[in-house]
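One-letter residues, chain by chain:
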Amino acid sequence: MPITLKELAAFCDARIEGGDPSAIIHSAADITSAQQGQVTQLTNPKYVRYIKESTATACFVAEGLHAGEFPAHIALLICPDPEMGFIKAVEKLHPAKTYHSHIAEQSIIGNSVTLGHDLFIGPYAVIGEHTHIGDRTAILSGAYIGCNVTIGQNCRIHPYAVIYDNTIIGDNVTIHSGAIIGADGFGYKFRGNAHRKVPQVGNVVIEDNVEIGANTCIDRGALGSTTIGMGSKIDNLVQIGHNNKVGKHVIMCGLTGVSGSCTIEDYAILAGSSGIADHVTIGQGAVVMARSGVAGNVPAGSQFFGSPAKDKKTAYKEQIAISKLPDLVKKIKLLEEEIRQLQNRASFDE
Amino acid sequence: MPITLKELAAFCDARIEGGDPSAIIHSAADITSAQQGQVTQLTNPKYVRYIKESTATACFVAEGLHAGEFPAHIALLICPDPEMGFIKAVEKLHPAKTYHSHIAEQSIIGNSVTLGHDLFIGPYAVIGEHTHIGDRTAILSGAYIGCNVTIGQNCRIHPYAVIYDNTIIGDNVTIHSGAIIGADGFGYKFRGNAHRKVPQVGNVVIEDNVEIGANTCIDRGALGSTTIGMGSKIDNLVQIGHNNKVGKHVIMCGLTGVSGSCTIEDYAILAGSSGIADHVTIGQGAVVMARSGVAGNVPAGSQFFGSPAKDKKTAYKEQIAISKLPDLVKKIKLLEEEIRQLQNRASFDE
Amino acid sequence: MPITLKELAAFCDARIEGGDPSAIIHSAADITSAQQGQVTQLTNPKYVRYIKESTATACFVAEGLHAGEFPAHIALLICPDPEMGFIKAVEKLHPAKTYHSHIAEQSIIGNSVTLGHDLFIGPYAVIGEHTHIGDRTAILSGAYIGCNVTIGQNCRIHPYAVIYDNTIIGDNVTIHSGAIIGADGFGYKFRGNAHRKVPQVGNVVIEDNVEIGANTCIDRGALGSTTIGMGSKIDNLVQIGHNNKVGKHVIMCGLTGVSGSCTIEDYAILAGSSGIADHVTIGQGAVVMARSGVAGNVPAGSQFFGSPAKDKKTAYKEQIAISKLPDLVKKIKLLEEEIRQLQNRASFDE
């Protein structure tokens, strides 16, 4: 979707400085690879060296940047928030795929399903009985939606995502391929030398504006609901066990596991491959750093690292101390030797 | 499926104390949220505070609990094992979904397939040639069953689970959505500056009463079988490599990885995000704690923690020592100083 | 596919020593279980004890092995590289499944798709518009191929693998079930107290001879491509984030996560459950050991261990020192005591 520099600047509320306003921009690229006809951004000073050799046609930058550093052929697109300006440009130049109103013949729609308007339902999709799908939602090829499910407006359910019965999903929710929402939680009681299954009869509730990555699993509550709050973003291959309460605007990165009955408060961040034991609370805005394993509550606003995870400052101090440890072992041997000598001399003195 | 308190008590072999036997119970809930018309359980003393403010109609408790602690409106359901009593109640009030005998038109059943009676085969399911499916088993929408597969009675294969060729599955096995059973193991030989694939021609054998979580992968043997013993329960997103021998009644929690050719003996527990190197034996009843990485054999009955994992007592002692380490570093500096002084004084004395 | 020992030896370029050349070999097995009619291999001296009690008919061994150690009934198949000889034998005795030229009626092929010859397209497979599939490639049941995708020759895409739009795949590529190629990368900007999505408009490029395990996820580039180099092998449940550049002949084991914008150079090995922070370079041939978490660059040819990962030698030294740490704590207490005594004596001497 090519567009002139002038049109792009207007669309993104940016001011042009230098360059040719009638130049055609056909796509966006990052600063290390942008070429003629492309727009890029410079928001991190350590990438200035790339812009100096760039053949890009335009570059989003913040107000007040010294234009002299840029090659003359690059038009500057100046705006207060160049990252958001660039995002707008990318959205304009590379528009997201849209799905027209269409229900594939080769889909199966159960009894008593209620469908909004302007829906797309792809081939081999299955929608169970008593389910409701909101307006403009796209259920892509082979997505499986169980019975008694509610899905809001403007959602996108990608191929082979599976939504088990009784799940409730808000508006503007994206669920990527292979994500499994509402499978049984992992609960057993040990009786008679065997694991007896605890019935898992709850559901999953996902609020508006949530995005769920590919092959991520969110288990239904044992009783009651597992909930994902508004605006939370969950990466690929994340495991969220039964009865977790995930707050609003939470971030969970890939391969993270949250065992069960945890509370993850608003704005918390669980970095990649982190893990949370059951019945734990992660406080508001807390950060669990990559690969950390949390066994107890994490206070709001804190940063935790390690396994078992501790306050970042404590954990880092320990890490530094560990790196000195092999030397310490030698040093202590030396000290022992010196004390021996002092003791010998002392007894000699007697 | 509402029921009177009296009927529920009879069904669960519980004795009623207090409350109105003709009260209607419509569902089960946990103790923090149960309300009128609901039954709950109190098995952990630390939750007593919830029962005091609860509007629940009934509560499973153990014999001998002091009834005076409970509000008068709550009927006590007393039985020797209130957890199992409550499980029975949940099963009664929230009966599991059943599938009637039905084979969807939009399914594909290969040549020479033998089908038991009272089967459910959902739409878009595919069943390969020479496969056998036992009585009362449900192959849900889009489940893919390869060729030469045997599946026993009363199994449930959820949407988009994939069972590769030659897999053997016992009775009462549940496989959740997206689980992949029998994909190639990960084996290569490095020759001529490239990784040459070692053919993976074995299969997977799953015994009775096994449950396998969503998006879990169990690879086929390279030669011979990867086996999962009777009654073992495997959570979501678990990776079980080729030629592992998993015993009976083993528990594996989410995001755990078992590389290959391991023996996991009966009743072992692999907690969340743990990992086992290849050719390792985890002894009977041993526990590998969360996020632990095991590189050598783990003795039966032991508990291992950490990465590299060690006996829990050793690992905990080390963890405590590490937490003292930053202070230790300072203390050693101090000791060195003191020894210097003693040495100086000693040489001054000479 | 039974075959005489003589034929098998000829096929594998091996020399027979002992045994009956006309004996029938029907299958291959590992050395711990091989029986009459089976061929096995002995390449690891620690397994010699198995061969002594084996009823196997034949065994691949290296030139120069002392035949006297073997039971007389076992024919030796001698060749310079017995592992590769055995691989050939396995391929001959257990030939890989082949798919004849066939396009299932119950598949959906979009407009302007170009198909090579001798293709297999299974039931419920979906192929989007403007996609190209090369000769002799098999798209198995329910595999979903998006629009504008290119897939080369001799590829195999297993059931319910999902290939998003614009992916480019070379020749001889195998993608196992449930793998998701090209879902959105995980990128957000925090604005107005919410996470605003960074558009993910790039693609995934996979070169020749790559194998991708079950339920593995490879995200599309935000802008530009996420690339997987020729001959790289990726295990199950691996997460590869956006804009990673994975080199040639790289190995990534199960449950590994590579966050984003990393460079994994040729021949690097990421062992099981390892993790790589973003914008990191793993040098050529470097090994990241199991469960290690890498936060900075790893030099070519090095081995890194731990979380945070360090050079293996350093990490192992630290591990040894940690194992001494509890004793060290006691020892330091003792030293303090001894110094106190020396100090007391010194002040007494004054």
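Owing to the predicted nature of the structure, the values given are computational and were not obtained by experimental measurement.

Calculation criteria
- Residues numbered from 1 in each chain as written.
- Chains lettered and ligands numbered in written order.
- Predicted model: local features only at pLDDT ≥ 70, side-chain atom pairs only at ≥ 80, totals over all residues.
- Heavy atoms only, no water.
- Least-squares fit on C-alpha atoms with pLDDT ≥ 70 in both.
- Phe/Tyr/Trp six-rings, centres within 6.5 Å; stacked < 30°, edge-to-face > 60°.
- Helix = DSSP H or I, 4+ residues; strand = E, 2+ residues; numbered from the N terminus.
- Buried < 20%, exposed > 50% of the residue type's maximum accessible area, 1.4 Å probe, protein only.
- Lys NZ or Arg CZ within 6 Å of the ring centre and 35° of its normal.
- Domains from an automatic or database assignment.
- Patch = residues over 30% accessible without salt bridge, like charges linked within 9 Å, V, L, I, M, F, W, Y side chains within 5 Å.
- Areas by Shrake-Rupley, 256 points an atom, 1.4 Å probe, with all protein chains shown as cover.
- Salt bridge = Lys/Arg side-chain N within 4 Å of Asp/Glu carboxyl O.
- UniProt positions renumbered as here; feature names shortened; annotations may be inferred.
- Contact = heavy atoms within 4.5 Å.
- Polar contact = N/O pair within 3.5 Å; in protein donor to acceptor, adjacent residues only side chain to side chain.
- Pairing = 2+ DSSP bridges.
- Buried area = accessible area lost by both parts, 1.4 Å probe.
- Nonpolar A, V, L, I, M, F, W, Y, C, P; charged D, E, K, R; others polar.

Asks: Teacher, can you tell me more about the relation of the copies chain B and chain C here?
Replies: What relates the two chain copies is a rotation about an axis together with a slide along it. Here chain B sits on chain C after a turn of 120° about the axis and a move of 0.0 Å along it, with an RMSD of 0.1 Å. Accordingly, the operation relating the two chain copies is best matched by a three-fold axis.

Asks: What exactly am I supposed to notice about the packing of aromatic side chains here?
Replies: Aromatic rings considered in pairs are described by the distance between their centres and by the relative angle of their planes. According to the stated counting rule, one finds 24 aromatic pairs over all chains in the structure shown. When the ring of A:Tyr124 is compared with that of B:Tyr124, the centres are 5.1 Å apart and the planes differ by 70°; the resulting orientation is edge-to-face. Note that A:Tyr124 is positioned in the loop between strand S11 (120-121) and strand S12 (126-127) and B:Tyr124 in the loop between strand S11 (120-121) and strand S12 (126-127), a pairing that runs across two chains. Residue classification places A:Tyr124 among the buried residues on the basis of a relative accessible area of 4%. Between C:Phe186 and C:Tyr188 the ring centres are 5.2 Å apart and the planes differ by 80°, which places this aromatic pair in the edge-to-face class. Through a chain of ring-to-ring contacts, three or more aromatic side chains come together here, namely A:Tyr124, B:Tyr124 and C:Tyr124. Directly above the aromatic system of A:Phe11 lies the positively charged group of A:Lys92, at a separation of 4.6 Å from the ring centroid.

Asks: Sorry if this is basic, but what is going on with the domain arrangement of chain A here?
Replies: Interface size is commonly expressed as the accessible area that is lost once the parts come together. Considered domain by domain, chain A is made up of domain 1 (3-93) and domain 2 (102-313). Each of domain 1 of chain A and domain 2 of chain A has a C-alpha centre, and these two points are 38 Å apart.

Asks: Where do I start with a nonpolar patch on the surface in this structure?
Replies: Nonpolar side chains collect at one region of the surface, where A:Ile103, A:Ile109 and A:Leu115 lie side by side and expose about 210 Å² of accessible area between them. Locating A:Ile109 in the fold gives a position in strand S9 (residues 108-109).

Asks: Would you take a moment to explain the UniProt feature "active site" (unreviewed entry) in chain A for this structure?
Replies: Residue and element names in this part refer to chain A. According to UniProt, the feature "active site" (unreviewed entry) maps to His242 in the numbering used here. Mapped onto the elements of the fold, histidine 242 is located in the loop between strand S29 (239-240) and strand S30 (245-246). The contact partners of histidine 242, leaving out residues within four places of it in the chain, are Gly185, Phe186, Gly187, Gln200, Asp219, Arg220, Gly221, Ala222, Thr226, Ser259, Gly260 and Ser261. Within the structure, the side chain of histidine 242 is placed 2.8 Å from the side chain of glutamine 200, a separation counted as a polar contact.

Asks: Would you mind showing me how to read the pattern of salt bridges here?
Replies: Close approach of charged atoms allows side chains of opposite charge to pair. Enumeration over the complete set of coordinates arrives at 43 salt bridges over all chains. A salt bridge links B:Glu207 to B:Lys248; the shortest N-O distance between them is 3.0 Å. Remark: B:Lys248 occurs in the loop between strand S30 (245-246) and strand S31 (251-252) and B:Glu207 occurs in the loop between strand S24 (203-206) and strand S25 (211-212); sequence separation between them is 41 residues. In this structure, the salt-bridge partner of B:Glu338 is C:Arg340, at a minimum N-O distance of 2.7 Å. A residue pair is termed interchain when its members come from two chains, as with B:Glu338 in helix H4 (residues 312-349) and C:Arg340 in helix H4 (residues 312-349). Looking at B:Glu338, the relative accessible area reads 17%, which means it is buried. Residues joined in a network through salt bridges with shared partners are A:Asp81, A:Glu83, C:Lys189 and C:Arg191.

Asks: How do you make sense of the environment of C:Gly187 when you look at a structure like this?
Replies: Residues and elements named next belong to chain C. If you trace the backbone, glycine 187 turns up in the loop between strand S21 (180-183) and strand S22 (188-191). Overall, glycine 187 belongs to the buried group, its relative accessible area being 10%. Distance from glycine 187 to histidine 242, taken between C-alpha atoms, is 8.7 Å for residues 55 residues apart in sequence. Setting aside its immediate chain neighbours within four residues, glycine 187 contacts Arg196, Lys197, Val198, Gln200 and His242.

Asks: Got a minute to help me understand the pairing of strand S27 (residues 225-228) of chain C in this structure?
Replies: As a general feature of sheets, a regular strand has side chains that alternate between the two faces. Pairing of strand S24 (residues 203-206) of chain C with S27(C), which is carried by four bridges, proceeds in the parallel orientation. Pairing of C:Asn203 across the sheet is with C:Ser225, part of S27(C).

Asks: Honestly, the pairing of strand S23 (residues 194-197) of chain A in this entry has me stumped. Any pointers?
Replies: All names here are of chain A. Sheet analysis places strand S22 (residues 188-191) next to S23, joined by four bridges and oriented antiparallel. What sits directly across from lysine 189, in S23, is arginine 196. Here S22 folds back onto S23, and the loop between the two strands holds two residues, one of which, glycine 192, carries a positive phi near 60°.

Asks: What is the right way to read unusual backbone geometry from this model?
Replies: Note: most peptide bonds trans; most residues except glycine with negative phi. Residue A:Pro308 is reached from A:Ser307 by a cis peptide bond, and omega for that bond is 5°. In this fold, A:Pro308 is placed in the loop between strand S39 (303-306) and strand S40 (309-311). The phi dihedral of B:His249 falls on the positive side, at around 55°, and the residue is not glycine. Assignment of secondary structure puts B:His249 in the loop between S30 and S31. One non-glycine residue with positive phi stands out, namely B:Arg291, at about 65°. Position of B:Arg291 relative to the elements: it lies in the loop between strand S37 (287-288) and strand S38 (293-294). We classify B:Arg291 as buried; its relative accessible area is 13%.

Asks: Help me understand the interface of chain B and chain C, please; the structure alone is not making it clear to me.
Replies: In this complex, chain B contributes 65 residues to the contact, which on the side of chain C involves 56 residues. Buried surface at the junction of chain B and chain C, summed over both partners, amounts to about 4900 Å²; 66% is from carbon and sulfur atoms. Three residues, B:Phe186, B:His195 and B:Leu223, lead the burial of chain B against chain C; their summed loss comes to 14% of the area buried on that side. At the junction of chain B and chain C, the tally comes to seven salt bridges. Across the pair B:Lys189 and C:Glu83 runs a salt bridge whose closest N-O atoms are separated by 3.0 Å. Across the chain B-chain C interface, the total number found is 21 residue pairs in polar contact (both at pLDDT 80 or more). Those elements giving two or more residues to the side of chain B that touches chain C turn out to be strand S21 (180-183), strand S22 (188-191), strand S23 (194-197), strand S26 (217-219) and H4 of chain B. In terms of residue count, H4(B) provides more of the side of chain B that touches chain C than any other element does, 14 residues in total. In terms of residue class, the side of chain B that touches chain C is built from 32 nonpolar, 18 polar and 15 charged.

Asks: Explain the interface of chain A and chain C here, please?
Replies: At the interface, 56 residues of chain A touch 65 residues of chain C. Both sides of the chain A and chain C interface together cover about 4900 Å² of buried area, and 65% of this is carbon and sulfur. The three residues of chain A that bury the most area against chain C are A:Tyr124, A:Tyr160 and A:Arg291, which together make up 14% of that side's buried surface. On inspection of chain A and its partner chain C, the count reaches seven salt bridges. Residue C:Asp165 is joined to A:Lys97 by a salt bridge in which the shortest nitrogen-to-oxygen separation is 2.5 Å. Put simply, chain A and chain C have 21 residue pairs in polar contact (both at pLDDT 80 or more) between them. Of all the elements in the fold, those that place two or more residues in the side of chain A that touches chain C are helix H3 (82-93), strand S28 (233-234), strand S31 (251-252) and helix H4 (312-349) of chain A. The leading source of residues in the side of chain A that touches chain C is H4(A), at 15 residues. The residue makeup of the side of chain A that touches chain C, split by class, is 29 nonpolar, 15 polar and twelve charged.

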